[in-house]
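Architecture and fold: a report
Each chain is listed here by its residues.
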Amino acid sequence: MTLRPLTNLKGARLEDAPRYPGCVLRLACQGCGWERGYDVGKIINRLYELRDGGFGTPVADVAKSVKRRCPGCKGVRWATGFAYPERVDVRETKRLAGRYRS
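Summarised in this report is the structure supplied together with it. Remember, it's a predicted structure, so these values are computed and weren't measured experimentally. (Residues numbered from 1 in each chain as written. Predicted model: local features only at pLDDT ≥ 70, side-chain atom pairs only at ≥ 80, totals over all residues. Heavy atoms only, no water.)

1. A closer look at the side chain of S65
Rule in force here: Per the convention used, a helix needs a DSSP run of H or I reaching at least four residues, while a strand needs a run of E reaching at least two, with both numbered from the N terminus. Two residues form a contact once any of their heavy atoms are found within 4.5 Å.
Relative to the elements of secondary structure, S65 occurs in the loop between α1 (40-50) and β4 (78-85). Once residues within four sequence positions are removed from consideration, S65 is found in contact with L47 and D52.

2. Observations concerning the layout of surface pockets
Quick reminder of the rule: Residues are said to line a cavity or pocket when one of their atoms sits within 4 Å of a point; the points come from a 1 Å grid over protein atoms alone, cavities being sets where a 1.4 Å probe fits but cannot get out and pockets being open sets with protein on both sides within 12 Å along at least five of seven lines. Grid points are joined across faces, edges and corners, and a volume is the space filled by probe spheres set on the points. Gly is put with the polar residues, along with every residue not named as nonpolar or charged; the nonpolar set is Ala, Val, Leu, Ile, Met, Phe, Trp, Tyr, Cys and Pro, and the charged set is Asp, Glu, Lys and Arg.
In this structure, the largest pocket spans a volume of roughly 280 Å³. For the largest pocket, the lining is made up of 13 residues, of which I43, R46, V62, S65 and V66 are closest to its centre. Listing elements by their share of the lining of the largest pocket, those giving two or more residues are β2 (24-29) and α1. By residue number, the principal contributor to the lining of the largest pocket is α1, which donates 4 residues. Across the lining of the largest pocket, the residue classes break down as 8 nonpolar, 2 polar and 3 charged. In this structure, the second largest pocket encloses a volume near 210 Å³. Around the second largest pocket, the lining residues are P5, L6, N8, L9, K10, R26, V59, A60, T80, G81 and F82. Per element, the largest residue contribution to the lining of the second largest pocket is 3 residues, and it comes from β4. Among the residues forming the lining of the second largest pocket, the class breakdown is 6 nonpolar, 3 polar and 2 charged.

3. Digging into the pairing of β2
Convention followed: Per-residue accessibility, obtained with a 1.4 Å probe over protein chains only, is compared with the maximum for each type, and a residue is labelled buried under 20%, exposed over 50%, and partly exposed between these values. In short, DSSP must find at least two bridges between two strands for them to pair.
Judged by how many residues are buried, β2 sits mostly within the fold: 5 of 6 residues are covered. Examined bridge by bridge, β2 and β4 share 6 bridges and lie antiparallel to one another. When the bridges of β4 are listed, L25 appears paired with F82.

4. Section: the nonpolar core
Note on soluble globular proteins: their nonpolar side chains tend to be buried together. Cut-off, in case you're wondering: Only buried residues count toward a nonpolar core. Its members are Ala, Val, Leu, Ile, Met, Phe, Trp, Tyr and Cys residues joined through side-chain atoms within 4.5 Å.
One finds L14, L25, V40, I43, V59, V62 and F82 to be the most contacted residues of the largest nonpolar core, which totals 14 residues. Elements with a minimum of two residues in this core: α1 and β4. Per element, the largest residue contribution to this core is 4 residues, and it comes from α1. Contacts of V40, omitting those with residues within four sequence positions, involve L14, A17, C23, V24, L25 and F82. Among the nonpolar cores identified, the runner-up in size contains 5 residues, and L27, C29, A63 and W78 belong to it.

5. Examining the packing of aromatic side chains
Formally: A pair of aromatic rings is counted whenever rings of Phe, Tyr or Trp (Trp by its six-membered ring) have centres within 6.5 Å, and the orientation is called stacked for planes under 30 degrees apart, edge-to-face for over 60 and tilted otherwise.
Within the structure shown, the criterion is met by 2 aromatic pairs. Measuring from centroid to centroid gives 6.2 Å for Y20 and F82, while their planes differ by 40°, and the two rings are tilted. Taken together, the positions of Y20 in the loop between β1 (3-5) and β2 and F82 in strand β4 put the pair 62 residues apart, joining distant regions of the chain. On the basis of relative accessibility, which here comes to 22%, the residue Y20 falls in the partly exposed class.

See below:
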């Protein structure tokens with residue numbers, strides 16, 4: 001799955017995800033470029049379980065909680081941010097925004 005990162009969100013928190021309908025949390029290896037998208041709600045729940053953060057956690061700080069190694073290069077240099085999957089286009093974003101408002 002190809003992810004399109006959202007730019008200009010340096011101070012974004014996990015609680016900001018509803019502002020970007022259809023977005024996922026992008027976990028990317030800084031060494032080899034491997035990436036994967038995760039549901040933001042599941043990440044928030046997992047951080048609560050680990051007592052390592054939660055709803056107000058900055059998106060960039062989620063990378064510090066990842067302990068596993070990269071499946072591509074076996075490194076541990078992670079970066080996180082919001083991204084849209086390739087299946088989510090402008091039309092789909094508007095549809096999801098309308099559904100969230102209702």
